[in-house]
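# Fold and contact review
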Amino acid sequence: MKIKNGVNLHIIKETKFKTVQFLVRFRSKMSRANVAKRVIISNLWETSNAVLTTNQQFQRKLSEMYGASFATGVSKKGDNHFLNIGMSVVNPKFVESDTVTDAVELLHQALFMPLIDDIGFDEATFAREKKNLLHYLASTREDKSYVSSTRLSELFFEDKNLSTPSISSVELMEHETRQSVFEYYKKMLLTDTIDIWILGDLSAAQEANIRTYFSEMPFTDREPVRTVFYEQATSNIVREKTEKEDVNQSILQLAYSHPVKYGDSDYLTMQVLNGLLGGFSHSKLFTNVREKESLAYYANSRFDTFTGFLKIAAGIDAGHRSKALTIIRAQVRALAQGDISDSELGQTKNMLRNAYFLSLDSPSNLIEQAYIKQLLPDRQLSQAEWLQRLDAVTKADVVRIAKTLNLQALYFMEGESLGD
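None of the values given here were measured: they were computed from a predicted structure.

## Quick notes on the layout of surface pockets
The space that makes up the largest pocket amounts to roughly 1,400 Å³. In this structure, the largest pocket is lined by 46 residues; those nearest its centre are Lys77, Tyr267, Phe303, Asp304 and Phe306. Within the residue set of the lining of the largest pocket, elements represented by two or more residues are strand E4 (69-77), helix H5 (144-156), helix H6 (160-163), helix H10 (267-279), strand E9 (296-304), helix H13 (342-359), helix H14 (363-375) and helix H15 (383-392). Looking at the lining of the largest pocket element by element, the count peaks at seven residues for H14.

Okay, structure coming up:
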């Protein structure tokens, strides 16, 4: 249902859950200039509003709604930045309360009744949340895996908006004020693409009430964000960086480019390739780099079909950098040369199939799948199509895609060499 241009309400009838799930998603292009503002807004949403002016009142309200959950967060997909509110309430049929209407009212308060004064967001609340976020962002510097991944992204992505973490950084957060964030918030309400999702066992009357309630909220027309994929040209130069850190376990990360987009004919081939390379415990990186050669504490891979990014990560002893790099790159070449057994291929498909069916038991995953379907309707696969395409992936398909992988960036966090 289109509430306004660029603002859509989706209701999914699902009878197997005892809860009703809500997702409100604000979507805009990833912007280094605005990402810290969006992160602060995320925190303010779940802290207070003009009706529930303190966190204690907010939590008491959730408790009165039979332990409802209200959680906010940010994430990236392609060149888009998502700002989310997620709620879960017990279905009204199991309690003596209209929890669904209560949830919609709470969302209304969060979105359109923020705790503000004549200057911007409430001074004390804003100062507290900004301080908390600065402490959190500073603490991420101690998460060496996170730091390494951030450095690798900075090497890989030519667009600095894309290499900026979805949670922003200390440097970006420090510059924000309660006035700058509130001015952006007013603009965001008018310009972000907004999708509202509700999943649960709702009656026709409840669905009608929900549509009426959201339609009466003061949303306005806006031009929707229409693209999500990010592409950049493949470089012939591998960008490398080494940094010394006071850590025992060194971290080696490699970034490859790949041509596969979500929903492409080769999408399931890419899933299988990653499973064979480093996605599972039987993968080449795990068995050859970690188990056989004992060169890594861990070794894995993951990929993104919205940005053409594939990452290999390994925790190693600093003295093993050269040997580990050689063997890691050899695993990529092995796939391109067809070094794939029938049992490896079959086991990978089975594990992907199991993961797919497990995802169907999660309300949030079902909403996410529905979101992608409406975002990219021409690229969505039904369950039958997904399973059929997975079964149809051959060794030759994997070889063909493996040959398109191009090493673009290499980051090494060098710690103390522990020796053999």
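Once you've had a look at it, read on.
## A word on the sheet that holds strand E10 (residues 309-316)
Working definition: the strands of a sheet are paired by backbone hydrogen bonds and lie parallel or antiparallel to each other. Read across the sheet, five strands follow the order E7-E11-E8-E10-E9 without closing on themselves; strand pairing throughout is mixed. Every other strand in the sheet has two partners, leaving strand E7 (239-244) and E9 as the edge strands with one partner each. Neighbouring strand axes in the sheet, compared pairwise and without regard to direction, differ in orientation by 10 degrees on average. Strand direction decides the pairing type here: strand E8 (residues 250-257) and strand E11 (residues 406-414), joined by seven bridges, are antiparallel. Directly across from Ala255, in E11, lies its bridge partner Ala409. Across the face of the sheet, H5 comes into contact with E7, E8, E10 and E11 while running at roughly 145 degrees to E11. Sheet contacts for H10: E9 and E10; angle to E9, the most-contacted strand, approximately 170 degrees.

## Quick look at the packing of helix H3 (residues 99-112) against helix H9 (residues 204-215)
The interhelical angle for the contact between H3 and H9, taken along N-to-C directions, is 15 degrees, at an axis separation of 11 Å. Viewed along their axes, H3 and H9 adopt a mutual orientation that is roughly parallel. The two elements H3 and H9 meet at a crossing, and its hand is right-handed. Contact with H3, carried on its side by Val100, Thr101, Val104, Glu105, Leu107 and His108, involves Ile210, Tyr213 and Phe214 of H9 and no other residues of that element.

## As for the UniProt feature "domain: Peptidase M16 C-terminal" (unreviewed entry) in the protein chain
As annotated in UniProt, the feature "domain: Peptidase M16 C-terminal" (unreviewed entry) corresponds to residues 177-352 in the numbering used here. Regarding residues 177-352, the helix share stands at 43% and the strand share at 22%, and the terminal C-alpha atoms are separated by 46 Å.

## A closer look at the domain arrangement of the protein chain
By domain assignment, the protein chain separates into domain 1 (2-216) and domain 2 (239-415). With 26 residues of domain 1 at the interface, the matching set in domain 2 holds 34 residues. Across the interface of domain 1 and domain 2, roughly 2,700 Å² is buried in total on both sides, 70% from carbon and sulfur atoms. Ranking the residues of domain 1 by area buried against domain 2 places Leu152, Leu155 and Phe156 at the top, with a combined share of 26%. At the boundary of domain 1 and domain 2, one finds four salt bridges. Note that Arg151 and Glu243 form a salt bridge whose closest N and O atoms lie 3.1 Å from each other. Applying the counting rule to domain 1 against domain 2 returns nine residue pairs in polar contact (both at pLDDT 80 or more). Sorting elements by how many residues they give to the side of domain 1 that touches domain 2 places H5 first, with nine residues. Across the side of domain 1 that touches domain 2, the residue classes break down as 12 nonpolar, six polar and eight charged.

## Here's the deal with helix H1 (residues 35-45)
The buried count for H1 comes to 10 of 11 residues, which makes it a mostly enclosed element. All buried positions along H1 are accounted for by Val35, Ala36, Lys37, Arg38, Val39, Ile40, Ile41, Ser42, Leu44 and Trp45.

## A few points about the sheet that holds strand E1 (residues 2-4)
One open sheet holds the six strands; their spatial order is E1-E2-E6-E3-E5-E4, and the pairing between them is mixed. The open sheet has two free edges, formed respectively by E1 and E4, since each of these has just one partner strand. Direction aside, neighbouring strands of the sheet carry axes that sit 20 degrees apart on average. Both strand E3 (residues 19-29) and strand E6 (residues 193-200) contribute to a ladder of seven bridges, which runs antiparallel. When the bridges of E6 are listed, Val24 appears paired with Ile196. This element, helix H8 (residues 178-191), spans E3, strand E5 (80-90) and E6 of the sheet and lies at about 105 degrees to E3.

The rules we used
- Residues numbered from 1 in each chain as written.
- Predicted model: local features only at pLDDT ≥ 70, side-chain atom pairs only at ≥ 80, totals over all residues.
- Heavy atoms only, no water.
- 1 Å grid on protein atoms, 1.4 Å probe; cavity = no way out; pocket = protein on both sides within 12 Å on 5 of 7 lines; lining within 4 Å.
- Points joined across faces, edges and corners; volume = space filled by probe spheres on them.
- Helix = DSSP H or I, 4+ residues; strand = E, 2+ residues; numbered from the N terminus.
- Pairing = 2+ DSSP bridges.
- Axes fitted to C-alpha atoms, helices over the stretch in contact; angles between N-to-C directions.
- Contact = heavy atoms within 4.5 Å.
- Parallel < 35°, antiparallel > 145°, perpendicular 65-115°, else oblique.
- Left-handed = near helix turned anticlockwise from the far one by under 90°.
- UniProt positions renumbered as here; feature names shortened; annotations may be inferred.
- Domains from an automatic or database assignment.
- Buried area = accessible area lost by both parts, 1.4 Å probe.
- Salt bridge = Lys/Arg side-chain N within 4 Å of Asp/Glu carboxyl O.
- Polar contact = N/O pair within 3.5 Å; in protein donor to acceptor, adjacent residues only side chain to side chain.
- Nonpolar A, V, L, I, M, F, W, Y, C, P; charged D, E, K, R; others polar.
- Buried < 20%, exposed > 50% of the residue type's maximum accessible area, 1.4 Å probe, protein only.

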